[in-house]
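Geometric and topological summary
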Amino acid sequence: MIRDLNTKKVMKNAFRITKHKYQTSLRVRVPGGLIDPESLLTVSKISSEYGDGQIHITTRQGFEILGIAMEDMGQVNQMIQPVIEKLDINQDEKGTGYGAAGTRNVSACIGNKVCPKAQYNTTKFAKRVEKAIFPHDLHFKVALTGCPNDCIKARMHDFGIIGTCLPEYEMDRCVTCMACVNKCKSYSVGALRCENNKIIRNEEKCIGCGECVLNCPMNAWTRSPKKYYKLMIMGRTGKKNPRLAEDWLRWVDEDSIVKIIVNTYDYVKEYIDPKAPGGKEHIGYIIDRTGFQEYRKWALKDVNLPEETIENKNVYWGLDLTKPQDLFMGNATDAFLRHTVHTAQVASIGHGDPDVVDRSAVSVYHRTNSPLFPPDFASRCISPISIRLSIALHIS
């Protein structure tokens, strides 16, 4: 029985340090969530011969084979080799198992292999990302989803990739049946309207869901032959400060996304906290320290974005307006107004009493004249409408 073990090497090899002494479990990578029957049989055989007969399906679409004795890790690495080869996972040396565990399995929804709403082959793209970034010890999480329905919950990852459809309209085929307008209004964001017997698409409002394409009986709407995506960044879970990813790039291409993710590894190696536990740190915490503009400089190095790409050049995540370090990060006025507009829906739904609105408006105004804000902050950004929208901030 093994008595002296380097736990860091065990974890790097994708084995887990469990609560049971001298027992481990193997985490099997399945990029894009698609696996063949032969690989499933191999996983089952390992579980029967070396594990306790239990296999856990992980939240990241991999498998965890439970109850493996630590002295059997070498044999298990040999047995898992056909799965590694079948799924085309990068490996330094055959028969040694997985080369790292820091960069997590790249997960994806089922995509256009099955789903009519999906805009692309999510597994194929996920495997391309996997080939570009694995094996690596840095803590990265990437998820891909086929359409804005976001079945994979991409906003909870460092990089969330959403497939989008850039719809193209052929007026000569349109009979103005209003099917696209009605579906967009009821199922999506209401980006279409009819003017003079012609359908007009609001380019700023459109999220690329493709409902217009799916529901047009005359094929007046078609998908652009070019593939486009939305890239959301720096969502995270965890104990300290969980948050959802924010939109950064719209109508961006596949090559740019892969290059941005690869560039982020260089950025993290430059700025990661040397005291980070286990040498791993969520990328979002690093960006919080350096500022988004520094990250943007590294991420976009040698990236040629398509002309169609729309970039959010200042990205904010859950600003705390009572903290000076948040207020003076970038454009404080924009941060305040953005947060204010975000809470407008809550204000309009939950607080219809004009007296309540007015009292909160006064308290917000006084708070913005506090020493935490620049001297002219209130006069520059506080208008009657922005004050009234601030009801839901509850900072009086």
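Remember, predicted model here, so these are calculated numbers, not experimental data.

**Quick look at the pattern of salt bridges**
Two side chains bearing opposite charge may form a pair once their charged atoms approach each other closely. Counting across every chain of the model gives 18 salt bridges. The partner of Arg243 in a salt bridge is Asp288, with the nearest N and O atoms 3.3 Å apart. Highlighted residues: Arg243 in the loop between strand 12 (228–233) and strand 13 (246–252) and Asp288 in helix 8 (residues 283–290), separated in sequence by 45 residues. Arg243 gets classed as buried once you look at its relative accessible area, which sits at 11%. Put simply, Lys269 and Asp266 hold a salt bridge, and the shortest N to O gap is 3.7 Å. Of the two residues, Lys269 and Asp266 both sit in helix 7 (residues 254–271), three residues apart, roughly one turn of that helix. Judged by its relative accessible area of 37%, Asp266 falls in the partly exposed class. Because the salt bridges share partners, they merge into one network encompassing Arg128, Glu254 and Asp255.

**Side note on unusual backbone geometry**
The linkage connecting Phe134 with the following residue, Pro135, adopts the cis geometry, with an omega of 5°. Tracing the sequence through the fold places Pro135 in the loop between helix 4 (122–133) and strand 6 (142–145). Here Met178, not a glycine, exhibits a phi torsion of approximately 70°, which is positive. Inspection of the secondary structure puts Met178 in the loop between strand 8 (167–169) and helix 5 (179–187). The class for Met178 is partly exposed, based on a relative accessible area of 26%. The phi angle at Asp302 is positive, at roughly 60°, despite the residue not being glycine. In this fold, Asp302 is placed in the loop between helix 9 (292–299) and strand 14 (310–311). Residue classification places Asp302 among the exposed positions, given a relative accessible area of 60%.

**Topic: the packing of aromatic side chains**
The full count for this structure, using the stated rule, is 15 aromatic pairs. Pairing Tyr267 with Trp298 gives two aromatic rings, centres 6.4 Å apart and planes at 65°, and the pair type is edge-to-face. Within this pair, whereas Tyr267 is found in helix 7, its partner Trp298 is found in helix 9, the two being separated by 31 residues in sequence. Under the relative-accessibility criterion, Tyr267 is labelled buried at 0%.

What counts, and at which threshold
- Residues numbered from 1 in each chain as written.
- Predicted model: local features only at pLDDT ≥ 70, side-chain atom pairs only at ≥ 80, totals over all residues.
- Heavy atoms only, no water.
- Salt bridge = Lys/Arg side-chain N within 4 Å of Asp/Glu carboxyl O.
- Helix = DSSP H or I, 4+ residues; strand = E, 2+ residues; numbered from the N terminus.
- Buried < 20%, exposed > 50% of the residue type's maximum accessible area, 1.4 Å probe, protein only.
- Phe/Tyr/Trp six-rings, centres within 6.5 Å; stacked < 30°, edge-to-face > 60°.

The values reported here are purely geometric and, on their own, carry no functional implication.
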